[in-house]
Amino acid sequence: IYNTYNCFVTAGHCLNGADVLQFNVPASSPNCSLNNPPVADQFPVIAADGVNSGVGADYGAMKSGANNLGQTPYDRYGIFIPLANSVPSSGTASVNGYGVDEQCERTQTQQFHDGPIVSLGGTSIEYDVDVTFGNSGSSIIANGQIIGVVTHCSSSCVNYGNRIDDP
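In what follows, the accompanying structure is described.

Concerning the overall build of the protein chain
Then, number 1: When its secondary structure is counted, the protein chain shows one helix and 10 strands.
Then, number 2: From first element to last, N terminus to C terminus, the protein chain shows the α and β order β-β-β-β-α-β-β-β-β-β-β.
Then, number 3: The C-alpha radius of gyration computed for the protein chain amounts to 15 Å, which stays within 12% of the reference 15 Å derived for 167 residues, consistent with globular compactness.
Then, number 4: Expressed along its principal axes, the backbone C-alpha trace of the protein chain runs to roughly 40 × 35 × 30 Å.
Then, number 5: When each of the 167 residues of the protein chain is scored for burial, the buried share is 39%.
Then, number 6: When contacts within the protein chain are restricted to residue pairs at least 6 apart in sequence, long-range pairs at least 24 apart make up 59% of them.
Then, number 7: Of the roughly 8,400 Å² of accessible surface on the protein chain, a fraction of 49% belongs to carbon and sulfur atoms.
Then, number 8: The protein chain carries 4 positive and 14 negative side-chain charges, and their two centres are separated by 9 Å.

Points about the sheet that holds strand E7 (residues 124-127)
Then, number 1: Strand order in the closed barrel formed by six strands is E5-E6-E7-E10-E9-E8, and the pairing between neighbours is antiparallel. Geometrically, the sheet is characterised by an average inter-axis angle of 45° between neighbouring strands, direction not taken into account.
Then, number 2: Pairing between strand E5 (residues 92-97) and strand E6 (residues 111-120): six bridges, direction antiparallel. Looking across to E6, one finds that Asn96 is bridged to Phe112.

As for the side chain of Ser94
Then, number 1: Within the fold, Ser94 resides in strand E5.
Then, number 2: Residue class for Ser94 comes out buried when judged on its relative accessible area of 13%.
Then, number 3: Residues in contact with Ser94, not counting those within four places in the same chain, are Phe112, His113, Asp114, Ser139, Ile140 and Ile141.

Some words on the layout of surface pockets
Then, number 1: The computed volume of the largest pocket comes to approximately 1,200 Å³.
Then, number 2: If you go around the largest pocket, you meet 34 residues; those closest to its centre are Leu21, Gln22, Phe23, Asn96 and Tyr98.
Then, number 3: Going through the elements one at a time, strand E1 (7-10), strand E2 (20-22), E5 and strand E8 (139-142) are the ones with two or more residues in the lining of the largest pocket.
Then, number 4: Grouping the amino acids of the lining of the largest pocket by side-chain chemistry returns 18 nonpolar, 16 polar and no charged.

Observations concerning the pattern of salt bridges
Opposite charge on two side chains permits pairing when their charged atoms draw close.
Then, number 1: Per the counting criterion, the structure on display carries two salt bridges.
Then, number 2: Asp165 is paired through a salt bridge with Arg163; the nearest N and O atoms lie 2.8 Å apart.

So, unusual backbone geometry
Then, number 1: Here Asn6, not a glycine, exhibits a phi torsion of approximately 65°, which is positive.
Then, number 2: Judged by relative accessible area, Asn6 falls into the buried class, the value being 5%.
Then, number 3: The phi angle at Asn24 is positive, at roughly 55°, despite the residue not being glycine.
Then, number 4: Structurally, Asn24 can be placed in the loop between E2 and strand E3 (42-52).

Describing the nonpolar core
Then, number 1: Core analysis: the largest hydrophobic core is formed by 13 residues, its most contacted members being Val95, Ile117, Ile125, Tyr127, Ile140 and Ile147.
Then, number 2: Residue assignment for this core shows that the elements contributing at least two residues are E5, E7, E8 and strand E9 (145-152).
Then, number 3: By size, the runner-up hydrophobic cluster in this structure holds six residues, among which are Ile1, Phe8, Leu21 and Val45.

A closer look at the sheet that holds E1
Then, number 1: The sheet built from four strands is open, its strands ordered E1-E4-E3-E2 with antiparallel pairing. Among the strands making up the open sheet, the edge pair consists of E1 and E2. Taking the axes of each pair of neighbouring strands and ignoring which way they run, one obtains an average angle of 40° across the sheet.

Analysis parameters
Residue positions are given per chain, counted from 1 along the sequence in the order it is written. The predicted origin of the model limits local features to residues at a pLDDT of at least 70 and limits the giving and counting of side-chain atom pairs to 80 or more, whereas totals for whole chains, interfaces and linings rest on all residues. The side-chain numbers reported here are obtained from all heavy atoms of the structure, hydrogens and water having been left aside. To qualify as a helix, a DSSP run of H or I must reach at least 4 residues; to qualify as a strand, a run of E must reach at least 2; elements of each kind are numbered from the N terminus. The globule rule used here is 2.2 Å times the number of residues to the 0.38 power, and the radius of gyration it is set against is calculated over C-alpha atoms. A 1.4 Å probe rolled over the protein chains alone gives each residue an accessible area, and that area as a share of the maximum for its type sets the label: buried under 20%, exposed over 50%, partly exposed in between. By definition, residues are in contact when any of their heavy atoms lie within 4.5 Å. Note that accessible areas follow from Shrake-Rupley with a 1.4 Å probe, and for residues the cover is restricted to the protein chains shown. We score Asp and Glu as negative and Lys and Arg as positive, and we do not count His or the chain ends. Just so you know, the charge point we use is NZ for Lys, CZ for Arg, CG for Asp and CD for Glu. Being paired, for any two strands, means DSSP has found at least two bridges between them. Think of each axis as a best-fit line through the C-alpha atoms, taken over the contacting stretch in the case of a helix, with angles from 0 to 180 degrees between the N-to-C directions. The way it works is a 1 Å grid over only the protein atoms, where trapped points that fit a 1.4 Å probe form a cavity and open points with protein on both sides within 12 Å along at least five of seven lines form a pocket, and then any residue with an atom within 4 Å of a point lines it. Grid points are joined across faces, edges and corners, and a volume is the space filled by probe spheres set on the points. Each residue gets one of three labels, nonpolar for Ala, Val, Leu, Ile, Met, Phe, Trp, Tyr, Cys and Pro, charged for Asp, Glu, Lys and Arg, and polar for the others, Gly among them. The rule for a salt bridge is simple: a side-chain nitrogen of Lys or Arg has to be within 4 Å of a carboxyl oxygen of Asp or Glu. Throughout this description, the term nonpolar core refers to a set of buried Ala, Val, Leu, Ile, Met, Phe, Trp, Tyr and Cys residues connected via side-chain atoms within 4.5 Å.

Right, dumping it as structure tokens:
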């Protein structure tokens, strides 16, 4: 959530089929099957738009509606992380995401990792943070602000994201 209007950023390739946003996702089952959170922690996506054209051109935005209790995500959780106006070229970045994990109970449950910002391209950011498949669309955070979204690679190659200041 990047504002009090329940808007979210994501990767453009994550928009297809993004119908429900889930929070407080419980541990997966020992056989790696996913478990959904209570309905009160699920919110419909009511608007989405974006671009899916490769590294540096893979971004999207969504707006969430209310859950079964009539609450929006901001109403329910009371927090958001603002979008940065610029992206630092060095320092530490962090990702909270729902990537696939070799330990079944952790797969596609929220996990935190941080690491250095490696370099900036015109519209992309390269970072060395432990992410994996399923982390796409996660916010890349530095200095308490969203500086980008996870988009490409994650296994034996460079991790790329789309910069949040991409015009």
